[in-house]
Amino acid sequence: MISKKCTYALRAVLALARNHGGSPLTIHQIAKAEEIPPRFLEAILRDLKQSGLTDSIRGKDGGYRLCVPPSELSIGEVVRVVEGPWFPSEEENKQDVFLKVWQEADSTLKAVLDQKDFQTLVSEQDALRTDNIINYSI
């Protein structure tokens, strides 16, 4: 199951991806736009910064930005930064009868989460927003 922290991290990265190339976004801007508690967001952005996915800029015009182009950043990369490994490694459980099951599940999960990049998600979000606009013009 995906944690709330991971869900918030994905939404924060999506906001940063949408803004890629623009001025940095503050914690307040991201928190408000994505409805994420600011204190929780601070911890998430700290983890993302330590992993090298985001960068912070100090000062009046400071904030956070992606260090990776959205087209090169997958959902899986963000999930792994926030959640860590989901299944036991072979080194930890050489005698585990479920080891092959965990390896197959891990491989399948990676294949699904790594195929979608954040640029695609920004485009899909734009399409969803456009689909929900009702046009009353005649």
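I will try to describe carefully the structure that is included in this document.

What counts and what doesn't
- Residues numbered from 1 in each chain as written.
- Predicted model: local features only at pLDDT ≥ 70, side-chain atom pairs only at ≥ 80, totals over all residues.
- Heavy atoms only, no water.
- Patch = residues over 30% accessible without salt bridge, like charges linked within 9 Å, V, L, I, M, F, W, Y side chains within 5 Å.
- Areas by Shrake-Rupley, 256 points an atom, 1.4 Å probe, with all protein chains shown as cover.
- Salt bridge = Lys/Arg side-chain N within 4 Å of Asp/Glu carboxyl O.
- Helix = DSSP H or I, 4+ residues; strand = E, 2+ residues; numbered from the N terminus.
- Buried < 20%, exposed > 50% of the residue type's maximum accessible area, 1.4 Å probe, protein only.
- Arc of directions from axis to C-beta.
- Contact = heavy atoms within 4.5 Å.
- Expected span 1.5 Å × (residues − 1).

This part takes up a nonpolar patch on the surface. Judged by side-chain polarity, Val97, Phe98 and Val101 come together as a nonpolar surface patch covering roughly 310 Å² of accessible area. Here Val97 shows up in the loop between helix H4 (75–83) and helix H5 (99–114).

As a further point, take helix H2 (residues 27–34). Ile27, Ile30, Ala31 and Glu34 are the residues of H2 that are buried. Buried residues of H2, viewed axially, fall in a sector of 100°; they line one side. Opposite the packed face of H2, turned more than 90 degrees from it, sit the exposed residues His28, Lys32 and Ala33. Where the residues of H2 are buried, they touch helix H1 (4–18), helix H3 (38–50) and strand S2 (63–66).

Take H3 next. Within an α-helix, residues lying three or four positions from one another point in the same direction, as the helix has 3.6 residues per turn. With 13 residues, H3 extends 18 Å from end C-alpha to end C-alpha; this agrees with the ideal 18 Å at 1.5 Å per step. Inspection of H3 places Leu41, Ile44, Leu45 and Leu48 among the buried residues, and these make up the whole buried set. Along the axis of H3, the buried residues cluster in a sector spanning 100°; they form a single face. Seen from the buried face of H3, the exposed residues on the opposite side, beyond 90 degrees, are Arg39 and Gln50. The inward-facing, buried residues of H3 abut H1, H2, strand S1 (54–57), S2 and H4.

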